[in-house]
Amino acid sequence: VSTQSTGKLDFTGILNDKLRGFYRSSYTAGDGSLKRIAVTQFESTDARRAFPCWDEPAIKATFDVTLVSPVKTVALSNMPVIKENIEGDLKVTTYDRTPIMSTYLVAFVIGEFDYVEGKDRNGVLIRTYTPVGKKAQGEFSLDVAIKTLPFYNDYFEIPYPLPKLDLIAIPDFSAGAMENWGLVTYRETALLVDPENTSSGTKQWVALVVGHELAHQWFGNLVTMEWWTHLWLNEGFASWVEFLCVDHCFPDWNIWLQYVNMSLKRALQLDALDSSHPIEVPVGHPNEIDEIFDAISYEKGNSIIRMLQNWLGAEPFRKGLALYLKKFQYSNAFTEDLWAALEESSGQPVNKVMSTWTSQIGFPMITTELAETTDEVRIKVRQQKFCANGDDSSAQSWFVPISVISQSNPDKATCYLLEGKEGEILIEGAKPGDWIKVNPGLIGMYRLNYSDEMLKRLLPAIKNQALGAADRLGIQEDLFALAKAGYNNTANLLTLMGAYVNERNYVVLSSINGNLSELGSLFSHLPCFTQFKAMRRRIFSRILEEVGWEKKETDGHTDALLRNMLVVTLGKSDDEQVLARCQELFNTHYTGGKQIEADIRGAVYLTVRQDGTDETYRKLMDLFNKTDLHEERERVQRILGTGPNAALRSETLEFAMSESVRSNDTPFVIHGVANAGPEGRDQTWAFIKNKFPVFLERYSG
């Protein structure tokens, strides 16, 4: 009896406007003509909108795709074209058979595009597709992809399995990007880079997103999670390895230090809330899947992977990943399958340790205390669940990899696995009186609560920068969180902040500024807010004087990021010199004179918008309407609602719902109004309640 059968189904679907399934998009070309696009977004369960299928990740198949489209369009799918026939005004394009794969990774795009192309060192053809007339904006992402694909080939010990890789910018796109196998779709701001008008921050974002999606070609596409409960296997890993990739491509960007602010900090903030959830969440219905595409899956997921890699060692970790991918290629896997491969490569009890991190909410706070004698230094450590509200009633515990360095032995960490509530660590090479730094490099996902004596000893090392930037950052991040939750006191925090008087590192300053901004949101409706802004001016104005307003030949990547942060911060703090300089730069820019440097353009727009005048608002709207650069339009639309004028905020909210703003950008425009102080938040909430039926119609599945 044959175990195979052939079925034929006629199926009619809708080319919808919901940004999911097979949907329609469009853009206006440089000549003013409207270009229409048909594009797919199938993750998680929307392939069924385009063709009949068993739409679950574990039910894999091969796919033979044929597309019928207008002759003048580009028609793309996962695989290369094997045949194309012209039939009048239409063409029939047939593609090679795909490898066995999940339905959510199938893709097709039809529209008018330009492209740039190249080959990686292994001969894989890579193309970046752009709207017509913008092919130069695809060069940067193409270069990143050409460098990244061979890097992953070597790291995973498996060659990229398809003969081509396309990256394409889609004007209307709900996510940042989607890892369709061989045809990766991106929001325009996550793929296109204008050499003259794109900021350093956006270039960095593009590189990270390209690295993330290309990692999925192995981790997610070649090996797929068995069910959506294990989504974090895809997203947590790709969110970690994107930093590894960018560090390989751009070693001078210091991306691993930025990682602390971009990923680890967010994971710690959100997972400290009672509303958090475990990394692994049982999913019983398709409607529940989108709920777990959140910062816990992405940021906590990648944070515990980074901690795991450090505990096992870089090479045993990499070997374990390669073993896992080889064993389960073209099939599906559970979280436990990855742990088993890493146990085999490292000899460590990975499953026992990591299950405590994936199966329960939260993370520990490690309280430390010195236990010195005349000839050795020990620290006592104790763990409890860290809660943002200061609750200490939880009995949860974790297996916690802890590393420690000392003043006398700063380059070699003592490693220890805390398996119970308490432990004691003998610090190798430490001498009595040394400062002791726990969690060097901020690798572990936990908060640190130092004893008063241990914190006191660290202050000189912060001030003279004997401690590395990540450690200087981490000490104040932890103490700020502890003071806010009530585990430590504000007096210690204020004493600590005085040690940062010589700080000039962008990432450390950005962290300090972020914490001050959080305080500012609490003070914004109080009389003391004026004094608070004055304090910020004293801290940051002298640093801007040193950095300067214009890019220098000696500037590094993070200098550009620092300059932008300083202008934004001082503008919000009512620094008169900054307000005047921004207005001068903006007026010259608007009248066609010297253009504002891309790295501070967004900061200048935000600052001048604070004047609340109708004139400035109209000028910004004019800039929005005249440009076709995606990044420039985004700069403007996100800050339109941030001013103090209630009528203009209302106009911005209505503008957000208009045809001038793409539906995927609407939430960001509204968010700008919500950021305009207490009045803006109230105004936004009233607007959302009033327009809720419209939101439901526009964004529901």
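Residues numbered from 1 in each chain as written. Predicted model: local features only at pLDDT ≥ 70, side-chain atom pairs only at ≥ 80, totals over all residues. Heavy atoms only, no water.

(A) Here's a closer look at the overall build of the protein. A count of helical and extended segments in the protein gives 21 helices and 21 strands. The C-alpha atoms of the protein give a radius of gyration of 27 Å, which matches the 27 Å a tight globule of 701 residues would have. Its C-alpha atoms give the protein principal-axis dimensions of roughly 90 × 75 × 50 Å. For the protein, the proportion of contacts with a sequence separation of at least 24, taken over those separated by at least 6, is 66%. Accessible surface, the protein as shown: approximately 29200 Å² in total, 51% of it carbon and sulfur. Seen as two clouds, the 71 positive and the 91 negative side-chain charges of the protein have centres 2 Å apart. (Helix = DSSP H or I, 4+ residues; strand = E, 2+ residues; numbered from the N terminus. Rg over C-alpha atoms; globule rule 2.2 N^0.38 Å. Contact = heavy atoms within 4.5 Å. Areas by Shrake-Rupley, 256 points an atom, 1.4 Å probe, with all protein chains shown as cover. Lys, Arg positive; Asp, Glu negative; His and termini not counted. Charge placed at Lys NZ, Arg CZ, Asp CG, Glu CD.)

(B) Layout of the nonpolar core. Grouped together as the largest cluster of nonpolar side chains are 215 residues, with contacts concentrated most on Tyr 186, Tyr 324, Trp 357, Ile 379 and Ile 402. The element that contributes the greatest number of residues to this core is helix H3 (residues 231-249), accounting for 12 residues. Residue contacts for Trp 357: discarding those within four places in its chain leaves Ile 279, Lys 300, Ile 304, Met 307, Phe 363, Pro 364, Trp 398, Phe 399, Val 400 and Met 445. (Core = buried A, V, L, I, M, F, W, Y, C linked by side-chain atoms within 4.5 Å. Buried < 20%, exposed > 50% of the residue type's maximum accessible area, 1.4 Å probe, protein only.)

(C) Geometry of the side chain of Gln 309. With respect to the helices and strands, the residue Gln 309 is situated in helix H5 (residues 295-312). Excluding residues that lie within four positions of it along the chain, Gln 309 makes contacts with Trp 240, Ala 314 and Phe 317.

(D) Local environment of the pairing of strand S17 (residues 400-406). Among the 7 residues of S17, 7 are classified as buried, and the element is accordingly described as predominantly covered. Residues Val 400, Ile 402, Val 404 and Ser 406 of S17 are buried on one face, and the alternating residues Pro 401, Ser 403 and Ile 405, pointing to the opposite face, are buried as well. Bridging between S17 and strand S18 (residues 414-418) involves 5 bridges; their strand directions are antiparallel. Across the sheet, the residue bridging to Ser 403 is Cys 415, located in S18. (Pairing = 2+ DSSP bridges.)

(E) Structural detail: the pairing of strand S7 (residues 108-111). The alternating pattern of S7 places Phe 108 and Ile 110 on one face and Val 109 and Gly 111 on the opposite face, and all of these are buried. Pairing of strand S2 (residues 34-41) with S7 involves 2 bridges; the strand directions are antiparallel. Opposite Ala 38, over in S7, you have Ile 110 as the bridge partner. The sheet contact formed by strand S4 (residues 74-77) and S7 spans 4 bridges and is antiparallel. Bridged to Ala 75 within S7 is Ile 110.

(F) Representation of the packing of helix H9 (residues 452-463) against helix H11 (residues 490-497) in the model. Direction vectors running N to C along H9 and H11 enclose 20°, while the axes themselves pass 10 Å from each other. Here H9 lies roughly parallel to H11, going by the angle between them. Handedness of the crossing formed by H9 with H11: right-handed. Facing Asp 452, Leu 455, Leu 459 and Ile 462 of H9, the residues of H11 in contact are Asn 492, Thr 495 and Leu 496. (Axes fitted to C-alpha atoms, helices over the stretch in contact; angles between N-to-C directions. Parallel < 35°, antiparallel > 145°, perpendicular 65-115°, else oblique. Left-handed = near helix turned anticlockwise from the far one by under 90°.)

(G) How the structure looks around the side chain of Thr 684. As for its placement among the helices and strands, Thr 684 is situated in helix H21 (residues 677-699). Leaving out residues up to four positions away in the same chain, Thr 684 has contacts with Ile 670, Val 673 and Ala 674.

(H) Broad picture of the sheet that holds S2. Strand order in the open sheet formed by 4 strands is S1-S2-S7-S4, with antiparallel pairing between adjacent strands. A strand with exactly one partner marks an edge of an open sheet, and here the two such strands are strand S1 (21-28) and S4. Averaged over all adjacent pairs, the angle separating strand axes in this sheet is 15°, with direction ignored.

(I) Geometry of the packing of aromatic side chains. Applying the stated criterion across every chain yields a total of 37 aromatic pairs. Plain terms: the ring middles of Trp 181 and Tyr 330 are 6.2 Å apart, the flat faces sit at 40° to each other, and that makes the pair tilted. Taken as a pair, Trp 181 in the loop between strand S11 (177-178) and strand S12 (183-187) and Tyr 330 in the loop between helix H6 (314-328) and strand S14 (331-333) lie far apart in primary sequence, 149 residues in all. Seen from their ring centres, Phe 586 and Tyr 605 are 6.0 Å apart, and the 90° between their planes marks the pair as edge-to-face. Of this pair, Phe 586 sits in helix H15 (residues 576-590) while Tyr 605 is found in helix H16 (residues 598-609), placing the two residues 19 residues apart along the sequence. A relative accessible area of 0% places Tyr 605 in the buried class. (Phe/Tyr/Trp six-rings, centres within 6.5 Å; stacked < 30°, edge-to-face > 60°.)

(J) Highlighting the pattern of salt bridges. Summed over the entire model, instances satisfying the criterion amount to 47 salt bridges. In this structure, the salt-bridge partner of Glu 632 is Arg 601, at a minimum N-O distance of 3.3 Å. Of the two residues, Glu 632 is situated in helix H18 (residues 630-639) and Arg 601 in helix H16; the sequence distance between them amounts to 31 residues. The residues Glu 632 and Arg 601 share a single accessibility class, namely buried. (Salt bridge = Lys/Arg side-chain N within 4 Å of Asp/Glu carboxyl O.)

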